[in-house]
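The residues making up each chain are set out below.
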Amino acid sequence: MSQIVQRNSVIIAIKAVMTGVGQVMFQRNAISGILFLSGIFCGAYGGGFPQVGWGALVGGAVATLAGLVMGYDRNEGRAGLWGFNGVLVGCAMPTFLADTWQMWLLLIFFAGLSPLVKSGMDYVLAQWKINSLTFPFVSLTWIALFASRDMAAVASVPVCGEIVAGGDIDMSITSLLVYWLNGISQVFLVNSWIAGILFIAALAVGSLKAAFWAMAGSAVALGVSILFGADSQGIADGLYGFSPVLTAIAVGCIGSRTGIRSVIMGLTAVVATVFVQAGMNVLLTPWGIPTLTAPFCITAWLFLLPHCSGK
Amino acid sequence: MSQIVQRNSVIIAIKAVMTGVGQVMFQRNAISGILFLSGIFCGAYGGGFPQVGWGALVGGAVATLAGLVMGYDRNEGRAGLWGFNGVLVGCAMPTFLADTWQMWLLLIFFAGLSPLVKSGMDYVLAQWKINSLTFPFVSLTWIALFASRDMAAVASVPVCGEIVAGGDIDMSITSLLVYWLNGISQVFLVNSWIAGILFIAALAVGSLKAAFWAMAGSAVALGVSILFGADSQGIADGLYGFSPVLTAIAVGCIGSRTGIRSVIMGLTAVVATVFVQAGMNVLLTPWGIPTLTAPFCITAWLFLLPHCSGK
Amino acid sequence: MSQIVQRNSVIIAIKAVMTGVGQVMFQRNAISGILFLSGIFCGAYGGGFPQVGWGALVGGAVATLAGLVMGYDRNEGRAGLWGFNGVLVGCAMPTFLADTWQMWLLLIFFAGLSPLVKSGMDYVLAQWKINSLTFPFVSLTWIALFASRDMAAVASVPVCGEIVAGGDIDMSITSLLVYWLNGISQVFLVNSWIAGILFIAALAVGSLKAAFWAMAGSAVALGVSILFGADSQGIADGLYGFSPVLTAIAVGCIGSRTGIRSVIMGLTAVVATVFVQAGMNVLLTPWGIPTLTAPFCITAWLFLLPHCSGK
């Protein structure tokens, strides 16, 4: 009997963690989560950074466990809302910091803090009927990355796909397709067109509309970043795409808005995100710190707020 | 019949845009707006930057149109509240970015976003009975200027009147008068004492009290910036004056405060704005981005908040 | 008769100022305040910066007087809540700026603004049942320090105990004891182990629990900063300790939380503060501006918010 209960608990826990992976792209869906995770591992092993895949898993599990220990609302836990920031913390820390035990200690500490930080930020933002999106992940990872420059035991690694003054951009159809898919894969800090395809599949399992918006978001972002002459290496690595992809899903998929008006708002938000992304690249240049998904959070809030005010 | 309606619509639209120009300095008044606009064009053509004048007009018109299309409250539109941030976006973009078609595209895009951003920010700040002042302009222009450093198709121009280590300041009466008037003209990013006089006239049409506070604000800011040894070129160009001028009108003209107490609060706010201005000059130095009217927004909020709390 | 009233007023005023000194570490207690002030003067004269002690006294007195003149709630004044930000402004300005009359003018102006800024910030944060902690001090001092780099009449002094790439840290017991006490003394920007002992005594007079948490906070911060290889000079000067000490008292001493859970939350908050401190050191490096107690404010808010939301 107690064995059955235990086995059930384990299954519930695994499902909660996987749903947490799904919630990174707003899918309350363990199958989507498993597909996302396959994409992450695929990109991580393919790129020679297996620790990024394991980081995602550890981060999601620790964050979900922390939510349980803190005694937060279990419905939120089952919906994957405790875990998704931890998944992203777990992707980001091994991407930007050297693979040492101190890094893993930091990863566990900050992933474990993420439900607490989310709870606090959501409490603040509930005042205006918006929520913290991925900002708990962004703020915690920023703290860790800034701190790493002041702490010799936590070394930074040269950022893969760092924004550097690149040459001309390759405009062949195959290249553009790769860039477009990279824009989607970078949502999980992975630079892999195969992961991009897996992520689209994962979205489609949860919501065809979300999959459509993700594809449109990355395409529009690619076009705008080329048109305005953004850095070619950054474009190729999908670094102008991942925040617009998230904005596209968040702003485009709002239920109560329908028709052409909703589409125009979604596309406008996507275009705005590209400029916020370019601006934040410059803002963070003095420290060499990545923007993470902050451009998405800021733009999505700007576009969701007037909606929430009932205007 | 339909012709009359159409002509009326055109007149209402023009009036709304002009009132929007007036609202930059809190004047709900199309005549003030026309006088402000004359000053802008005067300074723009006089300084060899005609695009700044046309930018103001285009920005105001696009923002007003955007408010109409978004279906916002038409009373706000008639009061010029849709347009004034767009006017300032339209002044700033051609001042700091090269005169290319991409710049004009950005100008239209960001001016068009300004009513949306204002609506969101006002919704947030309504919680404390304050509003977004010119911060939608500041944040949108900052995004564009930061992004321009990451996008080759949008080049920055050397800032006219950029803050550089200057020599000694010229303390003759005529020079001080010019500096004082420049402090007022720079509210619209124009460096012209003639525009300064026109702006005082425009204010006086709307409110003598506002005209008085603008003059006092620029004078006090001039004195404080000289006393504390601020950069002489910046002082001469009125760059320590424009934010204090706006603070002076905003804090000094609050209806419910009267008498000597109100005057002291207004002057204290003006002095504080000069230090916030100097501090933000330093803060933004690593990127060479101007403060715009952020020092005004921050200081005015600080001084208006305790007032709103009923203390 | 009127003499008695006057004498009483003077005593009440002195008591309010001293209680304000006590409130820097959350002690509503004039005796604690006097002990804190002895520690400040002891460290200030010992280190050759007597102006820091006098600054604390002037800042506290000016801020208390400003609260009176502004007509704020006198119960708050008697509780030392008008004065404590002014005390800290008064410690910080002579520490980081040269000892000129303009510096004293700035000190008086900004200390005098502190009750107004506190009132505004508290009004904003009351929405979430938190308060501004020492953030009025932080923001006002930041404005002054940033502005000082733009104003020739207010020169910066080389920061004593500035964070520089240091050698290996001295791990002898006596050295570690000194570092641990320095972490406590730096709450008032003083680098003196004797002051640290006086501050612990001052806390113990008000609350034994607070004294315990301050000692634990500094010890844990010392351990974490050594473990993660933070800068050795900064560790020796207690610069990784003062914000965690404040976090420890603020988060650890919350009445409604008891037992092991409360202790774990307090210690977690202390550890988090060390990383926020290290991160902010890096963030502010381009300008050479100190973090002041911002890491404490940010971390304490993060940990107090979920508590306030009733979770």
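Residues numbered from 1 in each chain as written. Chains lettered and ligands numbered in written order. Predicted model: local features only at pLDDT ≥ 70, side-chain atom pairs only at ≥ 80, totals over all residues. Heavy atoms only, no water.

1. Here we look at the overall build of chain A
Definition in use: Helix numbering and strand numbering both begin at the N terminus, where a helix is a DSSP run of H or I of at least 4 residues and a strand a DSSP run of E of at least 2. Put simply, the radius of gyration uses C-alpha atoms, and a globule should come to 2.2 Å times the residue count raised to 0.38. Only protein chains enter the accessibility calculation, which uses a 1.4 Å probe. A residue is then buried if its area is under 20% of the maximum for its type, exposed if over 50%, and partly exposed in between. In this analysis, two residues are considered to be in contact whenever any of their non-hydrogen atoms come within 4.5 Å of each other.
From N to C terminus, chain A includes 14 helices and 0 strands. What you see in chain A, going N to C, is helices and strands ordered as α-α-α-α-α-α-α-α-α-α-α-α-α-α. Here chain A has a C-alpha radius of gyration of 19 Å; the compact-globule value for 311 residues is 19 Å, and the two agree. Summarising its shape, the C-alpha atoms of chain A cover approximately 65 × 50 × 35 Å along the three principal directions. Relative to its full complement of 311 residues, chain A shows a buried share of 61%. Here the analysis covers contacts within chain A between residues at least 6 apart in sequence; of these, 71% occur between residues at least 24 apart.

2. A word on the nonpolar core
How we decide: Nonpolar cores are built from buried Ala, Val, Leu, Ile, Met, Phe, Trp, Tyr and Cys residues. Side-chain atoms within 4.5 Å join them into one set.
The biggest cluster of nonpolar side chains holds 323 residues, and the ones touching the most others in it are Phe188 and Phe275 of chain A, Phe188 of chain B together with Phe188 of chain C. Looking at this core, the element that brings in the most residues is helix H6 (residues 101–125) of chain B, giving 13 residues. Discounting chain neighbours no more than four positions away, the residues touching Phe188 of chain B are Val21, Val24, Phe36, Ile40, Val87, Leu88, Cys91 and Phe199 of chain B.

3. Here's the deal with the relation of the copies chain B and chain A
Rule in force here: Here the copies are matched by least squares. The fit uses the C-alpha atoms of residues with pLDDT of at least 70 in both.
With an RMSD of 0.0 Å, the operation that places chain B on chain A is a rotation of 120 degrees combined with a shift of 0.0 Å along the axis. Such values leave the two copies arranged in the relation of a three-fold axis. Proximity to the rotation axis, assessed at the C-alpha, singles out Pro286 of chain B in chain B; its C-alpha lies 4.4 Å from the axis. A low fraction, 10%, of the interface residues of chain B reappear at the interface in chain A, so the copies pair through non-equivalent surfaces.

4. With respect to helix H12 (residues 242–252) of chain B
One full turn of an α-helix is made of 3.6 residues, so residues set three or four places apart face in the same direction. The element H12 of chain B is extensively covered by neighbouring structure, given that 11 of its 11 residues are classed as buried. Within the sequence span of H12 of chain B, burial applies to Phe242, Ser243, Pro244, Val245, Leu246, Thr247, Ala248, Ile249, Ala250, Val251 and Gly252 of chain B.

5. Remarks on the relation of the copies chain A and chain C
The operation relating chain A to chain C is a screw motion whose rotation component is 120 degrees, with 0.0 Å of axial translation and a residual RMSD of 0.0 Å. Take the interface residues of chain A: only 10% of them recur as interface residues in chain C, which is what a contact between different surfaces looks like.

6. Some remarks on the interface of chain B and chain A
Keep this limit in mind: Note: buried area is the sum, over both parts, of the accessible area (probe 1.4 Å) each one loses when the two are combined. Any Lys or Arg side-chain nitrogen found within 4 Å of a carboxyl oxygen on Asp or Glu counts as a salt bridge. Any N or O atom pair separated by 3.5 Å or less is treated as a polar contact, with the protein-specific requirement of one donor-capable and one acceptor-capable atom, and with residues adjacent in sequence counted only for side-chain atom pairs. In this classification, the charged set is Asp, Glu, Lys and Arg, the nonpolar set is Ala, Val, Leu, Ile, Met, Phe, Trp, Tyr, Cys and Pro, and all remaining amino acids, among them Gly, are polar.
Listed as interface residues are 29 residues of chain B and, on the opposing side, 32 residues of chain A. Both faces considered, chain B and chain A share a buried interface measuring about 2,700 Å² in area, 75% of it formed by carbon and sulfur atoms. When the area that chain B buries against chain A is broken down by residue, the three leading residues are Tyr123, Asp150 and Met151 of chain B, summing to 26%. Counting the contacts that link chain B with chain A gives 0 salt bridges. Here chain B is connected to chain A by 9 residue pairs in polar contact (both at pLDDT 80 or more). For the side of chain B that touches chain A, the secondary structure elements donating two or more residues are H6 and helix H7 (135–148) of chain B. When residues of the side of chain B that touches chain A are assigned to their parent elements, the largest contribution, 13 residues, is made by H6 of chain B. When grouped by side-chain class, the residues that make up the side of chain B that touches chain A number 22 nonpolar, 4 polar and 3 charged.

7. Some thoughts on the pattern of salt bridges
Residue and element names in this part refer to chain A. This model, assessed by the stated rule, comprises 3 salt bridges over all chains. Between Lys118 and Asp122 there is a salt bridge, with its nearest N and O atoms 2.9 Å apart. Highlighted residues: Lys118 and Asp122, both in helix H6 (residues 101–125), separated by 4 residues, approximately one helical turn.

8. A look at the interface of chain A and chain C
Taken together, the 29 residues of chain A in the interface contact 32 residues of chain C. Note on chain A versus chain C: buried area summed over both sides is about 2,700 Å², and carbon and sulfur give 76% of it. Looking at the side of chain A facing chain C, the largest losses of area belong to Tyr123, Asp150 and Met151 of chain A, adding up to 25% of the total buried there. On the surface where chain A and chain C come into contact, there are 0 salt bridges.

9. Structural notes on unusual backbone geometry
With phi around 65 degrees, Phe26 of chain A is a residue other than glycine that occupies positive phi space. Phi is positive for Leu292 of chain B, which is not a glycine, with a value near 55 degrees. Here Leu292 of chain B lies in the loop between helix H13 (259–283) and helix H14 (294–308).

10. Overview of the packing of aromatic side chains
Applicable threshold: Aromatic rings from Phe, Tyr and Trp, taking only the six-membered ring of Trp, are treated as a pair when their centres fall within 6.5 Å; an angle between ring planes under 30 degrees marks them as stacked, one over 60 as edge-to-face, and anything in between as tilted.
If you walk through the whole model with that rule in mind, you get 48 aromatic pairs over all chains. Measuring from ring centre to ring centre gives 5.6 Å for Phe275 of chain A and Phe110 of chain B, while their planes differ by 65 degrees; the resulting arrangement is edge-to-face. Here the residue Phe275 of chain A occupies a position in helix H13 (residues 259–283), and Phe110 of chain B occupies one in helix H6, the pair thus bridging two chains. A residue is classified by how much of its surface remains accessible, and Phe110 of chain B, at 2% relative accessible area, is buried. One aromatic cluster is present, built from ring pairs that chain together Phe146 and Trp287 of chain A, Phe146 and Trp287 of chain B together with Phe146 and Trp287 of chain C.

11. So, a positive patch on the surface
Using the following cut-off: Think of a patch as exposed residues, more than 30% relative accessible area, with no salt bridge, where like charges cluster within 9 Å and nonpolar side chains (Val, Leu, Ile, Met, Phe, Trp, Tyr) cluster within 5 Å. Accessible surface area values rest on a Shrake-Rupley calculation with a 1.4 Å probe, where residue burial reflects the displayed protein chains alone. Positive: Lys, Arg. Negative: Asp, Glu. His and the chain ends are not part of the count. A charged residue contributes its charge at one atom only: NZ of Lys, CZ of Arg, CG of Asp or CD of Glu.
Together, Lys15, Arg28, Arg74 and Arg78 of chain A make up a region of like positive charge exposed at the surface. Along the chain, the position of Arg78 of chain A falls in helix H4 (residues 74–78).

12. Let's talk about the side chain of Thr141 of chain B
Residue and element names in this part refer to chain B. Structurally, Thr141 is set in helix H7. Under the relative-accessibility criterion, Thr141 is labelled buried at 1%. Polar contacts involving the side chain of Thr141 include one to the main-chain carbonyl oxygen of Phe137, which spans 2.8 Å. In this view, Thr141 contacts Val89, Ala92 and Leu292; residues no more than four positions away in its chain are not counted.

13. Details of the confidence of the model for chain A
Note that predicted coordinates carrying low pLDDT should not be read in detail. Definition in use: pLDDT measures how confident the predictor is about each residue, on a scale from 0 to 100.
Summing up the model confidence of chain A, the mean pLDDT is 92 and the portion of residues at 70 or higher is 93%. Two numbers describe this predicted complex: its pTM, 0.94, and its ipTM, 0.93.

14. Regarding the environment of Ser9 of chain B
Within the fold, Ser9 of chain B resides in helix H1 (residues 2–23). According to the relative accessible area criterion, Ser9 of chain B is partly exposed, its value standing at 42%.

15. So, the side chain of Asn281 of chain C
Along the chain, the position of Asn281 of chain C falls in helix H13 (residues 259–283). Using a relative accessible area of 12% as the deciding quantity, one classes Asn281 of chain C as buried. Separated by 3.2 Å, the side chains of Asn281 of chain C and Asp150 of chain A make a polar contact.

16. Concerning the packing of helix H10 (residues 208–227) of chain A against H13 of chain A
Residue and element names in this part refer to chain A. Quick reminder of the rule: Axes here mean lines fitted to C-alpha atoms, for a helix over just the part in contact, with angles spanning 0 to 180 degrees between N-to-C directions. Each angle is binned into one of four classes, with values under 35 degrees roughly parallel, values over 145 roughly antiparallel, values of 65 to 115 roughly perpendicular, and all other values oblique. Left-handed describes a crossing in which the near helix is turned anticlockwise from the far one by less than a right angle; the clockwise case is right-handed.
Taken N-terminus to C-terminus, the directions of H10 and H13 make an angle of 50 degrees; their axes are 9 Å apart at the nearest point. Judged on the interaxial angle alone, H13 and H10 are oblique. When you trace H10 past H13, the crossing you get is right-handed. Seen from H10, the contacting residues are Trp213, Gly217, Val220, Ala221, Val224 and Ser225; seen from H13, they are Ser262, Val263, Gly266, Leu267, Val270, Val271, Val274 and Phe275. Of the residues assigned to the contact of H10 with H13, the class counts are 10 nonpolar, 4 polar and no charged.

17. A word on the environment of Leu284 of chain C
Residue and element names in this part refer to chain C. You can see Leu284 is positioned in the loop between H13 and helix H14 (294–308). Once the C-alpha coordinates of Leu284 and Ile194 are considered, the two residues, 90 residues apart in sequence, prove to be 29 Å apart. Ignoring any residue separated from it by four or fewer positions in sequence, one finds Leu284 in contact with Trp142, Phe146, Ile289, Pro290 and Thr291.

18. A short note on helix H5 (residues 84–96) of chain B
For the record, the criterion: One less than the residue count of a helix, multiplied by 1.5 Å, gives the span that helix is expected to have.
The first and last C-alpha atoms of H5 of chain B sit 19 Å apart over 13 residues, in line with the 18 Å expected at 1.5 Å per residue. With 13 of 13 residues buried, H5 of chain B is to be regarded as a mostly interior element.

19. Brief notes about the packing of helix H2 (residues 30–46) of chain B against helix H3 (residues 50–69) of chain B
Residues and elements named next belong to chain B. For the pair H2 and H3, interaxial distance at closest approach is 6 Å and the crossing angle is 155 degrees. Between H2 and H3, the crossing angle belongs to the class labelled roughly antiparallel. Contacts between H2 and H3 pair Leu37, Ile40, Phe41, Ala44 and Tyr45 from the former with Pro50, Val52, Gly53, Trp54, Ala56 and Leu57 from the latter. A per-class count over the contact of H2 with H3 returns 10 nonpolar, 1 polar and no charged.

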